[in-house]
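As a plain string of letters, each chain reads:
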Amino acid sequence: MKILTYPDERLKQVSQPVAQFDERLRTFVARLEETMRASPGGVGIAAPQVGCFQRIVIVDVSSRPKSANNGRLVLINPEILSWEGMATSREGCLSVPDYTGNVMRAERITVQACDELGSPREFLCNGFEARAVQHEIDHLDGLLFLDRLVSRRTDLFRRKRYGNRKSA
Ligand code: NI
C-alpha cells in the first residue's frame, strides 16, 4: 500500500475506533504489516499512514538487537494506561522520509489494546519499543514526530541515506 507522506493533510486526521473484528480487518492488518516490512528500517506503522483512519497499529522492534520487546504487536484501539520516566532520542517516520528528529517520550508504558481477534491484551513496553508504540499512537491522533520537536532548528536532522535508521 502507498504510504502518505508529510505534508499530506490527511496525516492530521484523527482515526476512529475499530468496531468490527472480522475477516476484512485481518486482511487489512496483513497488508499493513507487509507494507511495514517492505519499508527499509520499518519497525512500526499505523493505519492512517496508508489512508485508513481506524485505530490500528503494528510495532515490531525485534529486528533491533539488544532492545527488550514483545515481538510482533498488533494493537487495535490502543490505550496507554501508565507512563514512567522520560527520555529524548532520535526518531524516524515512514511518512517523513527525509528527516529524523529528537523527541521526548516516556521510557516505560503499559498499553492496553485488542488483537486482530478482538481479545483484550496488555503489554509492558520499555525503551525503544515504548517509543515506537507512542509514536504510532500519535499517528492515530493526527500527530507526527515533527509536532513534538522542541525546536526545528536544533532537533530536526536531514537523512543522509534512507534506511540507515529505524522508521515507524
Ligand atoms: Ni511514523
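Attention here is on the structure that accompanies the text. Note that the coordinates shown come from a computational prediction; the quantities given were computed from them, not determined experimentally.

### A closer look at the layout of surface pockets
Logical step 1: Here the largest pocket defines a volume of roughly 210 Å³.
Logical step 2: The wall of the largest pocket is formed by Val 18, Ala 19, Gln 20, Asp 22, Arg 24, Leu 25, Phe 28, Cys 52, Gln 54 and Ile 56.
Logical step 3: Counted by class, the lining of the largest pocket contains 6 nonpolar, 2 polar and 2 charged residues.
Logical step 4: There is about 180 Å³ of room inside the second largest pocket.

### Let's talk about the coordination of the nickel ion
Logical step 1: Distances from the nickel ion to its protein donors, Cys 93 (SG), His 135 (NE2), His 139 (NE2) and Ala 168 (O), fall at 2.1 to 2.2 Å.
Logical step 2: In this structure, the nickel ion is surrounded by 4 donor atoms whose angles at the metal cover 96 to 140°, and the resulting shape is irregular.
Logical step 3: Read in sequence order, the donor residues coordinating the nickel ion give the pattern C-x41-H-x3-H-x28-A. Linking Cys 93 in strand β3 (residues 73-93) with His 135 in helix α2 (residues 127-140), this pair joins segments that are 42 residues apart in sequence.
Logical step 4: When its relative accessible area of 3% is taken as the criterion, His 135 is described as buried.

### Let's talk about the pairing of strand β2 (residues 56-59)
Logical step 1: Residues of β2 alternate between two faces, with Ile 56 and Ile 58 on one and Val 57 and Val 59 on the opposite face, all of them buried.
Logical step 2: Note: strand β1 (residues 44-46) against β2, 3 bridges, orientation antiparallel. Each residue of the ladder has a partner; that of Ala 46, found in β2, is Val 57.
Logical step 3: Taken together, the 4 bridges between β2 and β3 define a ladder with antiparallel strand orientation. Bridge pairing in β3 links Val 59 to Leu 73.

Criteria and thresholds
Residues numbered from 1 in each chain as written. Predicted model: local features only at pLDDT ≥ 70, side-chain atom pairs only at ≥ 80, totals over all residues. Heavy atoms only, no water. 1 Å grid on protein atoms, 1.4 Å probe; cavity = no way out; pocket = protein on both sides within 12 Å on 5 of 7 lines; lining within 4 Å. Points joined across faces, edges and corners; volume = space filled by probe spheres on them. Nonpolar A, V, L, I, M, F, W, Y, C, P; charged D, E, K, R; others polar. Donors = N, O, S within 2.8 Å, 3.2 Å for Na, K, Ca; no water. Tetrahedral: all angles 85-135°; square planar, octahedral: opposite > 155°, others 65-115°. Helix = DSSP H or I, 4+ residues; strand = E, 2+ residues; numbered from the N terminus. Buried < 20%, exposed > 50% of the residue type's maximum accessible area, 1.4 Å probe, protein only. Pairing = 2+ DSSP bridges.

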